[in-house]
2 protein chains.
Amino acid sequence: MIALDAMGGDFAPHATILGAIQAARNGIPIALFGDERKLIPLLRAIDPLWENLSLTLFHCPDVIGMTDEPGKAIVYKKESSLVRAVESVANGDTRAIVSAGNSGAALVAGTIILGRAPGILRPALGDFVPTCSGSIFCIDLGANVDCKPEFLEQFAYMGAAYVQLVTPLAEPRIGLLSNGEEPYKGSQVVKQTYDLLYQSSLNFIGNVQSRDMFDNVADVLVCDGFSGNILLKAMQGTAHLMTVWLKQEAYRSWWQRLYFMLGYSIFKRLKNRADYAKKGGALLLGINYPLVIAHGCSQAEAIEQAIRFAHYTAQEQFVSLFNEQFLAILHKNKIPAAQSTERLRSLFGRRHAYH
Amino acid sequence: MIALDAMGGDFAPHATILGAIQAARNGIPIALFGDERKLIPLLRAIDPLWENLSLTLFHCPDVIGMTDEPGKAIVYKKESSLVRAVESVANGDTRAIVSAGNSGAALVAGTIILGRAPGILRPALGDFVPTCSGSIFCIDLGANVDCKPEFLEQFAYMGAAYVQLVTPLAEPRIGLLSNGEEPYKGSQVVKQTYDLLYQSSLNFIGNVQSRDMFDNVADVLVCDGFSGNILLKAMQGTAHLMTVWLKQEAYRSWWQRLYFMLGYSIFKRLKNRADYAKKGGALLLGINYPLVIAHGCSQAEAIEQAIRFAHYTAQEQFVSLFNEQFLAILHKNKIPAAQSTERLRSLFGRRHAYH
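Residues numbered from 1 in each chain as written. Chains lettered and ligands numbered in written order. Predicted model: local features only at pLDDT ≥ 70, side-chain atom pairs only at ≥ 80, totals over all residues. Heavy atoms only, no water.

Caption draft 1: View of the relation of the copies chain A and chain B. By a simple turn and slide, chain A fits onto chain B: the slide is 0.0 Å along the axis, the RMSD is 0.0 Å, and the turn is 180 degrees. The transformation relating the two chain copies, once decomposed into turn and shift, fits a two-fold axis. A shared binding surface is used by both copies, with 100% of the interface residues of chain A retained as interface residues in chain B. (Least-squares fit on C-alpha atoms with pLDDT ≥ 70 in both. Contact = heavy atoms within 4.5 Å.)

Caption draft 2: Geometry of helix α11 (residues 300–315) of chain A. Residues and elements named next belong to chain A. If you check α11, its first and last C-alpha atoms are 22 Å apart, about what 16 residues at 1.5 Å a residue would give, namely 22 Å. Among all positions in α11, only Ala300, Ala302, Ile303, Glu304, Ala306, Ile307, Phe309, Ala310, His311, Thr313 and Ala314 are buried. Residue Gln317 follows α11 closely and has a positive phi angle near 50 degrees. (Helix = DSSP H or I, 4+ residues; strand = E, 2+ residues; numbered from the N terminus. Expected span 1.5 Å × (residues − 1). Buried < 20%, exposed > 50% of the residue type's maximum accessible area, 1.4 Å probe, protein only.)

Caption draft 3: Here's a closer look at the interface of chain A and chain B. Contact residues are listed per partner, giving 59 residues for chain A and 59 residues for chain B. The interface formed by chain A and chain B holds one salt bridge in total. As a salt-bridge pair, A:Arg269 and B:Glu249 come within 2.6 Å of each other at their nearest N and O atoms. Counting residues per element, the ones that place at least two in the side of chain A that touches chain B are α7 (188–199), α8 (225–250), α9 (254–262) and α10 (264–274) of chain A. A per-element tally of the side of chain A that touches chain B places α8(A) first, with 20 residues. Of the residues assigned to the side of chain A that touches chain B, the class counts are 29 nonpolar, 19 polar and eleven charged. (Salt bridge = Lys/Arg side-chain N within 4 Å of Asp/Glu carboxyl O. Nonpolar A, V, L, I, M, F, W, Y, C, P; charged D, E, K, R; others polar.)

Caption draft 4: Looking closely at the packing of α10(A) against helix α9 (residues 254–262) of chain B. Between α10(A) and α9(B), the least distance of the axes is 11 Å, while the angle of their chain directions is 90 degrees. The angle between the axes of α10(A) and α9(B) places the two elements in the roughly perpendicular class. For the pair α10(A) and α9(B), contact is made by A:Ile266, A:Phe267 and A:Arg269 and by B:Trp255, B:Gln256, B:Tyr259 and B:Phe260, respectively. Its residues placed into classes, the contact of α10(A) with α9(B) shows five nonpolar, one polar and one charged. (Axes fitted to C-alpha atoms, helices over the stretch in contact; angles between N-to-C directions. Parallel < 35°, antiparallel > 145°, perpendicular 65-115°, else oblique.)

Caption draft 5: Examining the sheet that holds strand β2 (residues 30–34) of chain A more closely. Residues and elements named next belong to chain A. Sheet architecture is open: eleven strands sit in the order β3-β2-β1-β4-β11-β10-β5-β6-β9-β7-β8, paired in mixed fashion. With partners counted over all chains shown, the strands left at the sheet margins are β3 (55–59) and β8 (203–208), one partner each. Each adjacent strand pair in this sheet contributes to an overall mean axis angle of 30 degrees, direction not counted. Judged from the three bridges that link them, strand β7 (residues 173–177) and strand β9 (residues 220–222) form a sheet pairing that is parallel. Looking across to β9, one finds that Gly175 is bridged to Leu221. (Pairing = 2+ DSSP bridges.)

Caption draft 6: Expanded view of the environment of B:Leu347. Residue and element names in this part refer to chain B. Within the element layout of this structure, Leu347 appears in helix α13 (residues 342–348). Considering only alpha carbons, one finds Leu347 and Glu249, 98 residues apart in sequence, at a separation of 39 Å. Every residue in contact with Leu347, bar those within four places of it in the chain, is listed here: Tyr312 and Glu316.

Caption draft 7: Just the pairing of β2(A), in detail. Residues and elements named next belong to chain A. Counted residue by residue, β2 has five buried out of five residues, so it is predominantly covered. The alternating pattern of β2 places Ile30, Leu32 and Gly34 and Ala31 and Phe33 on opposite faces, both of which are buried. Of the strand pairs in this sheet, strand β1 (residues 2–5) and β2 are connected by four bridges, and their pairing is parallel. Across the sheet, residue Leu4 finds its bridge partner in β2, namely Leu32. Handedness of the crossover joining β1 and β2 through helix α1 (residues 14–25) is recorded here as right-handed. (Right-handed = clockwise from strand over helix to strand, strands pointing away.)

Caption draft 8: Molecular detail of the sheet that holds strand β4 (residues 96–99) of chain B. Residues and elements named next belong to chain B. As summarised here, the arrangement of the eleven strands in space is β3-β2-β1-β4-β11-β10-β5-β6-β9-β7-β8, forming an open sheet in which the pairing is mixed. Whereas interior strands pair on both sides, the edge strands pair on one side only; in this sheet they are β3 (55–59) and β8 (203–208). Going from strand to strand, the sheet's axes swing by 30 degrees on average, the running direction of each strand aside. Where strand β6 (residues 135–139) meets strand β9 (residues 220–222), three bridges bridge the pair, whose relative direction is parallel. By the bridge assignment for β9, Phe137 is matched with Val220.

Pasting the structure below:
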């Protein structure tokens with residue numbers, strides 16, 4: 001059973017309920033955590049026969065909003081949908097959680113309630129980001145805004161472990177996000193991380209600029225959560241900007257409008273390719289249970305995808321596999337043989353790649 | 001006379017010489033700093049009558065390469081084209097410098113040789129970045145990787161002063177780049193800066209995410225040089241990625257190829273709109289003389305634009321105007337009346353806006 005924070009997200013609870021119903025119809029049992037006074041009417045409206053689906057409702061009177069400060073919210077809102085959902089995994093009632101709500105609160109709840117995995121200094125959010133010829137695994141994308149060099153070094157190990165497990169790459173190329181390629185470029189923290197990674201046995205290729213990361217120069221991009229978040233959202237913003245510019249072009253003349261109408265399917269495909277909101281969420285790496293953090297702007301389709309992702313993660317015991325692989329790299333400080341299987345690759349590999 | 005570091009840039013000295021010749025033909029006198037054994041044959045090849053143009057050659061035996069560490073390079077390469085060019089401004093032989101070379105070295109040379117303007121803690125690079133409906137002035141874009149909150153606070157003053165001078169906006173909206181809109185979001189430095197800006201008399205609108213900066217939410221975006229550089233280059237990279245994706249679409253079938261050929265002029269226009277390399281450089285704000293830092297990848301056209309920008313900066317005494325405006329804001333901690341003139345607006349305002 002997958003726990004869903006039904007109250008979390010910009011379009012919750014409508015989008016979460018819709019996504020949950022779709023996932024349940026596809027055979028994934030779901031535990032819905034939220035305010036039943038809101039959820040039951042919605043469930044009835046969407047599917048009058050919802051009680052026949054494998055949906056279980058857990059009433060939670062509290063909700064953690066997007067403006068709640070994460071640390072305080074976890075302490076003072078014990079009866080919130082998020083905290084209850086996370087606790088259900090720790091208690092063994094469910095096998096994984098999905099939340100599209102306050103991501104800071106989800107991170108804190110995941111780390112405190114589910115606990116850090118052995119050897120982990122800081123759990124981190126990692127995900128594949130599309131590039132010109134495939135994708136690059138970026139870590140951290142927003143879990144840790146202030147990082148020490150040792151944290152960033154561990155993100156490199158975590159990224160290597162993830163990519164080893166879900167792709168055929170035995171020695172992923174590790175790049176460090178910086179403002180220039182030269183070793184002397186970067187903030188103090190980045191420069192110290194450079195030295196740590198240079199001395200490690202990872203396949204470290206040096207600094208990577210955000211302009212070059214799309215050119216297949218590395219398989220893993222290590223960054224602190226602040227820069228990673230700026231990077232990811234700048235990509236989203238630029239894709240949005242270019243879509244708007246295309247639309248502005250379309251309104252310059254009647255023949256341009258006609259031109260863009262003719263190419264509708266092409267632009268639709270490009271938009272989908274660039275559109276993160278349609279994709280599921282990212283796994284919080286370095287904790288003891290699967291916690292999938294979905295985008296705040298997730299619509300039903302993204303919620304369903306995130307549920308599916310959480311389901312596979314639990315089913316394949318991916319979190320244990322990952323934590324073992326991480327420990328192996330950490331202790332030997334050398335990349336062990338890839339444990340990648342076709343199955344893991346197809347379920348977790350390069351989810352953002354172009355189909 | 002404008003000093004040009006003729007040896008600086010990925011395509012130097014060919015691109016710099018070509019840009020200088022074009023600018024000289026348009027009536028801007030140029031002092032070329034570089035290795036005359038390389039420059040003279042090039043000048044002859046491009047324009048056999050180059051000696052009739054207002055080009056003056058200053059032989060410099062040294063070159064600061066892209067991999068040279070800035071601080072050391074300035075100290076040990078006194079006879080480099082960059083150091084000599086910057087010194088020529090300090091000596092009053094020229095009125096402004098343009099360099100597309102090692103930007104770190106240009107920053108250090110500019111700060112040390114030309115000196116910080118009164119009240120300035122750290123000079124910074126600022127420039128307009130295109131948005132859906134205009135542009136936003138981002139500062140710092142790469143001059144200061146490690147920043148204290150007081151530096152970021154000053155960048156806000158500098159951004160406000162710049163925008164006041166070159167746009168009709170009397171009270172520019174100041175945003176702070178962060179990983180979330182809420183005041184509690186951001187690194188320690190960002191959170192402390194938030195408090196400083198909140199207490200200031202600036203028109204501070206709070207945190208801005210890199211995704212939202214394109215939606216006309218602010219006129220100035222304050223960031224440290226590391227994040228600003230990641231942001232700017234992520235925009236360039238994403239625009240490049242989308243161009244590649246468009247090309248991939250064009251190669252999917254013969255009719256799609258035909259389709260894109262028909263729309264060639266549209267895509268060309270969009271590419272130009274997104275293409276930073278064609279734009280001139282950015283002014284290093286907070287020093288006593290005009291120093292324009294052009295993109296490393298500048299071709300002749302960009303060099304010419306940067307020279308023109310440096311020329312106008314010197315002609316309008318923009319650096320003095322800016323430094324006065326900054327001091328006024330700093331001392332009163334309140335935005336004085338805009339000193340914007342039509343002339344300044346047309347020369348410096350929103351250079352990245354769509355034409």
